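If you want the building blocks of each chain, they are given just below.
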Amino acid sequence: MDGIVGEPAETGTASSGAPETLELLGASFLNDLLIEGTRFLAERLQEDMNMQREALACRDPTRLLALQFAYWQTAAAQYGAQAVRLSELANRHVAEIRAQRRPRGGRRCDDFPI
C-alpha cells in the first residue's frame with residue numbers, strides 16, 4: 001500500500017533494480033542531510049551567540065570592528081566548508097544509487113558497435 005508509514009511504496013519496474021533498496025538509499029541520504037544540517041546550524045548558532053556576547057561587552061569601536069570582521073571571515077569559511085561537506089555527501093549517495101541501478105550482467109547501453 002502506498003502512503004502507509006513503514007511500508008515501501010511501489011516504484012520502478014522489475015528491470016530498474018531493487019526499488020526498496022533505492023528508497024532506503026534515498027531515506028538514508030535525507031537522514032544524513034538532516035543530521036549534517038542540524039549539526040551545522042547548532043555550530044553556527046553557538047558562534048552567533050558568542051559574537052553577540054563579545055559585541056555587547058565591547059566598549060572600543062575598533063575592537064568591535066575587528067570582532068565583526070573575524071565573525072564574517074569565520075562565517076564565510078564555515079559556510080564554504082559546509083557546502084563542500086553537503087556536496088560530498090550528495091555525491092556519495094548518488095554513487096550508491098547509481099551502483100544499485102546499474103544493470104547486472106547482460107548488455108549495457110554503451111556497448112553497441114558503431
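Residues numbered from 1 in each chain as written. Predicted model: local features only at pLDDT ≥ 70, side-chain atom pairs only at ≥ 80, totals over all residues. Heavy atoms only, no water.

This part takes up the overall build of the protein chain. Counting its regular elements, the protein chain contains two helices and zero strands. Among the 114 residues that make up the protein chain, the fraction classed as buried is 14%. Of the accessible surface of the protein chain, which amounts to about 8900 Å², a share of 62% is contributed by carbon and sulfur atoms. (Helix = DSSP H or I, 4+ residues; strand = E, 2+ residues; numbered from the N terminus. Buried < 20%, exposed > 50% of the residue type's maximum accessible area, 1.4 Å probe, protein only. Areas by Shrake-Rupley, 256 points an atom, 1.4 Å probe, with all protein chains shown as cover.)

The subject of this paragraph is the pattern of salt bridges. When the charged atoms of two side chains lie near each other, side chains of opposite charge can form a pair. Summed over the entire model, instances satisfying the criterion amount to four salt bridges. The partner of E36 in a salt bridge is R85, with the nearest N and O atoms 3.0 Å apart. On the criterion of sequence distance, the pair formed by E36 in helix α1 (residues 19-57) and R85 in helix α2 (residues 61-101) is long-range, its members being 49 residues apart. The salt bridge involving R39 is made with E43; its shortest N-O contact spans 2.7 Å. Of this pair, R39 and E43 both sit in helix α1, four residues apart, which is roughly one turn of the helix. Among the residues examined, E43 registers a relative accessible area of 29% and is labelled partly exposed. Overlapping salt bridges bring together E36, R39, E43 and R85 as one network. (Salt bridge = Lys/Arg side-chain N within 4 Å of Asp/Glu carboxyl O.)

This next bit is on the confidence of the model for the protein chain. On average, residues of the protein chain score 80 in pLDDT, and 69% of them reach the 70 mark or higher. Contacts for the low-pLDDT stretch residues 1-17, under 50 throughout, to residues beyond four places or in other chains number 12 contacts. (pLDDT = per-residue confidence, 0-100. Contact = heavy atoms within 4.5 Å.)

Let us look at the packing of aromatic side chains. Within a pair of aromatic rings, the relevant descriptors are the distance that separates the centres and the angle that separates the planes. Enumeration over the complete set of coordinates arrives at two aromatic pairs. For the ring pair F40 and Y79, a centre distance of 5.0 Å and an interplane angle of 75° mean the geometry is edge-to-face. Residue F40 is found in helix α1, and its partner Y79 is found in helix α2; the two are separated by 39 residues along the sequence. Since its relative accessible area comes to 5%, F40 is described here as buried. Its relative accessible area of 46% is what places Y79 among the partly exposed residues. Aromatic side chains Y71 and W72 sit 5.0 Å apart centroid to centroid with 75° between the ring planes, which places their arrangement in the edge-to-face category. Using a relative accessible area of 17% as the deciding quantity, one classes Y71 as buried. (Phe/Tyr/Trp six-rings, centres within 6.5 Å; stacked < 30°, edge-to-face > 60°.)

Our next topic: the environment of S28. Counting through the fold element by element, S28 comes out in helix α1. C-alpha of S28 to C-alpha of H93: the two residues are 65 residues apart in sequence and 8.3 Å apart in space.

What follows deals with the environment of T62. Summarising the element assignment, T62 is placed in helix α2. Here the side chain of T62 touches D60 through a polar contact of 2.8 Å, side chain to side chain. (Polar contact = N/O pair within 3.5 Å; in protein donor to acceptor, adjacent residues only side chain to side chain.)

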